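Fold and geometry: a report
Single-letter residue listing:
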Amino acid sequence: MHFTSARLAEILGAFPRSKILVIGDLMLDEFLWGKVTRISPEAPVPVVDIQRRAAYPGGAANVARNLASLGAHTGLAGVIGQDVPGQHLVQLLTEEGITTGSIRKTPLRPTTHKTRICAITRQLHDHLEIEDQQQIVRVDDESRAPLDPESRRWLFDRLRAEISSHDAVIIEDYAKGLIDQELVTLVVAEAKKHGKIVAIDPNPNNPFDWSGGTVLKPNRREAFLAAGLPYSSDEEAVLKAGAVLQKKHAIRHLLITLGEAGMLLLEQGQKPYHTPTRAQDVFDVSGAGDTAIAAFTLALAAGATGIEAAEIANHAAGVVVGKLGTATLNVDELHEMFIKTEGVA
């Protein structure tokens, strides 16, 4: 499809009026970059001299971060530990204008904290010195245990109070113990009662019943796993997996992200719609799925059709894969991508 400049401006202009609540596993992503100049005398491993470090909201918090950067009023619900990573995560979220009142702090589990140690290397390319990085190791500090009963009661009460005041809810499942069938059923029922959009980013390790949701957004691998079919790169096989999921969950919009092949949208009563990738350069695909579900859901909340929302999500993902790390984008960058690829003024 082709957006007119007026229609694109109408949808993007509605982003700041939209309120989205993200529910899911919250993480702190930390990156340590340094130089490797020697091998440790204690073991055959590189010694990394740290030169810089940075931390970002990860998991469901990265979805919220994407929504906030696109201008939406964003709330976040989940559980973190009473620890330094949890404090750091809340600080980062607050700085980005994300509402954190529905985040439970408990001493019974740690904040999911992923630390990536990367070696910085330099190489000559076309007579220019280019800086590159290689991840050496990732250290995870987390618990996948189910929530304790007190935290569950607290969170469920918050969700009952919060869902009605938002235009859409996103469930982001990273299989860290927060999302279970009872929570899914509660969220879908509350959203249906108040006429709200429910978008779901599923995890193949948690085969829940998502019936009643508005949007289901698996990637290609997750779609085949959820459908119980062998993985394939064949287009007809993807359509078959999608048909199985549509029938199983009665989802209105099934958006399957296909990496370098773009996205496939399946809607009830409509022909399949494939939108090819809009990426101009690809540096890092981490977090592209978070951007896709954030942009798709926000576009729906802003009044877009399913196809319009898919195009907006695809263009948004095309922007973030051209950045390093778990990146986000703003509305100006999204609009610029439409100008480059579609000629929208």
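The structure we're discussing is the one just above.
Along each chain, numbering runs from 1 in the same order as the chain's sequence is written. A pLDDT threshold of at least 70 governs which residues receive local features in this predicted model, and a stricter bar of 80 or more applies before side-chain atom pairs are shown or counted, although totals over entire chains, interfaces and linings include all residues. Side-chain metrics rest on all non-hydrogen atoms present in the structure, leaving aside hydrogens and water.

Quick word on the overall build of the protein
This is how it is decided: Runs of H or I in DSSP of at least four residues are treated as helices and runs of E of at least two as strands, each being numbered from the N terminus. Buried residues are those whose accessible area, probed at 1.4 Å on protein chains only, stays under 20% of the maximum for their type, while exposed residues exceed 50% and partly exposed ones sit between those limits. The protein chains shown are the only cover counted for residues, whose accessible areas, like all others here, come from Shrake-Rupley with a 1.4 Å probe. Charge counting follows a simple rule: Lys and Arg are positive, Asp and Glu are negative, and His as well as the terminal groups are ignored. Note that the charge is assigned to NZ on lysines, CZ on arginines, CG on aspartates and CD on glutamates.
Secondary structure assignment for the protein yields 10 helices and 13 strands. Counting the 345 residues in the protein, one finds 53% classified as buried. Carbon and sulfur atoms provide 51% of the accessible area of the protein, an area that totals close to 15,800 Å². Measuring between centres, the 35 positive side-chain charges of the protein sit 4 Å from its 43 negative side-chain charges.

Quick word on empty space enclosed by the protein
Where we set the bar: Site definitions follow a grid-based scheme: protein atoms alone, a 1 Å grid, a 1.4 Å probe that fits but cannot get out for cavities, and for pockets an open set with protein on both sides within 12 Å along at least five of seven lines, plus lining residues having an atom within 4 Å of a point. Grid points are joined across faces, edges and corners, and a volume is the space filled by probe spheres set on the points. Each residue gets one label: Ala, Val, Leu, Ile, Met, Phe, Trp, Tyr, Cys and Pro are nonpolar, Asp, Glu, Lys and Arg are charged, and the others, such as Gly, are polar.
Inspection of the entire model under this criterion finds one cavity of 30 Å³ or more. Along the lines of polarity and charge, the residues of the lining of the largest cavity split into six nonpolar, three polar and three charged.

Thoughts on a nonpolar patch on the surface
What counts here: Each patch groups residues whose relative accessible area exceeds 30% and which form no salt bridge, using 9 Å between like charges and 5 Å between nonpolar side chains of Val, Leu, Ile, Met, Phe, Trp and Tyr. When a carboxyl oxygen of Asp or Glu lies within 4 Å of a side-chain nitrogen of Lys or Arg, that pair is called a salt bridge.
On the surface, Val36, Ile136, Val137 and Val139 cluster together to form a nonpolar patch covering roughly 270 Å² of accessible area. Here the element with the most residues in the nonpolar patch is strand β7 (residues 128–141); it accounts for three residues. Turning to its location among the elements, isoleucine 136 is positioned in strand β7. Residue classification places isoleucine 136 among the partly exposed positions, given a relative accessible area of 37%.

Section: the pattern of salt bridges
Enumeration over the complete set of coordinates arrives at 15 salt bridges. In this structure, lysine 193 engages glutamate 190 in a salt bridge whose closest nitrogen and oxygen atoms are separated by 3.4 Å. Taken as a pair, lysine 193 and glutamate 190 lie in helix α5 (residues 181–194) at a separation of three residues, close to a single helical turn. Residues lysine 217 and aspartate 201 are paired through a salt bridge, measuring 3.8 Å at the closest nitrogen-oxygen approach. With lysine 217 in the loop between β10 (215–216) and α6 (220–227) and aspartate 201 in strand β9 (residues 197–201), the pair connects residues that are 16 residues apart, well separated along the chain. In this pair, the class of lysine 217 matches that of aspartate 201, namely buried. When salt bridges with common partners are traced through the structure, they connect Arg7, Glu10 and Glu308 into a single cluster.

As for the side chain of serine 151
Note the threshold: Under the rule applied, a polar contact is a pair of N or O atoms within 3.5 Å (in protein, one hydrogen donor and one hydrogen acceptor; residues adjacent in sequence only if both atoms are side-chain atoms). In what follows, a contact means two residues having at least one pair of non-hydrogen atoms within 4.5 Å.
For serine 151, the location among the structural elements is in helix α4 (residues 149–162). On the basis of relative accessibility, which here comes to 0%, the residue serine 151 falls in the buried class. At a separation of 2.7 Å, a polar atom in the side chain of serine 151 contacts the side chain of aspartate 148. Residues contacting serine 151, with those up to four places away along its chain left out, are Arg104 and Thr106.

Observations concerning the pairing of strand β5 (residues 99–106)
Residues in a regular strand point their side chains to alternate faces of the sheet. What counts is decided by this rule: Should DSSP find at least two bridges between two strands, the strands are regarded as paired. When the strands point away from the viewer, a crossover counts as right-handed if the route from the first strand across the helix to the second turns clockwise.
Here strand β4 (residues 73–81) runs beside β5; their pairing, made up of six bridges, is parallel. Bridge pairing in β5 links glycine 78 to isoleucine 103. On the question of chirality, the crossover connecting β4 to the parallel β5 by way of helix α3 (residues 84–95) is right-handed.

Looking at the packing of helix α2 (residues 60–69) against helix α8 (residues 288–301)
Test applied: In this analysis, axes come from line fits to C-alpha atoms, helices being fitted only over the stretch in contact, and the angle between any two N-to-C directions falls in the range 0 to 180 degrees. Comment on the angle field: the value is read as roughly parallel under 35 degrees, roughly antiparallel over 145, roughly perpendicular from 65 to 115, and oblique elsewhere. Here a crossing is taken to be left-handed if its near helix is turned anticlockwise relative to the far helix by less than a right angle, and right-handed if that turn runs clockwise.
Put simply, α2 and α8 touch, their axes get as near as 9 Å, and they point 50 degrees apart. Judged by the angle between their axes, α2 and α8 are oblique. Considering how the two elements wind past one another, α2 and α8 form a crossing that is right-handed. Contact with α2, carried on its side by Asn62, Val63, Asn66 and Leu67, involves Asp290, Thr291, Ile293, Ala294 and Leu298 of α8 and no other residues of that element.

Examining the pairing of strand β3 (residues 46–59)
Here 13 bridges tie strand β2 (residues 26–39) to β3, and the two strands are oriented antiparallel to one another. Bridge assignment links lysine 35 to a residue of β3, and that residue is aspartate 49. Once β2 ends, the chain turns through six residues before running back antiparallel as β3.

Brief notes about helix α7 (residues 235–249)
Convention followed: Given the number of residues in a helix, its expected span is that number minus one, multiplied by 1.5 Å.
Here α7 is 15 residues long and its end C-alpha atoms lie 21 Å apart, about the 21 Å a rise of 1.5 Å per residue gives. Three or more residues of α7 are buried, namely Ala237, Val238, Leu239, Ala241, Gly242, Leu245, Gln246 and His249. As for α7, its buried residues are in contact with β10, α6, β11 (253–257) and β12 (263–267). Two residues or fewer past α7, alanine 250 is found with a positive phi of approximately 50 degrees.

Comments concerning the sheet that holds strand β1 (residues 19–24)
Spatial strand order, β5-β4-β1-β8-β9-β10-β11-β12-β13: nine strands in an open sheet with mixed pairing. Both edges of this open sheet fall to β5 and β13 (273–275), since each of them pairs with a single strand only. Note that strand β8 (residues 168–172) and β9 share five bridges and pair parallel. Each residue of the ladder has a partner; that of alanine 168, found in β9, is isoleucine 197. Lying over the sheet, α4 contacts β1, β4 and β5, oriented at roughly 170 degrees with respect to β5.

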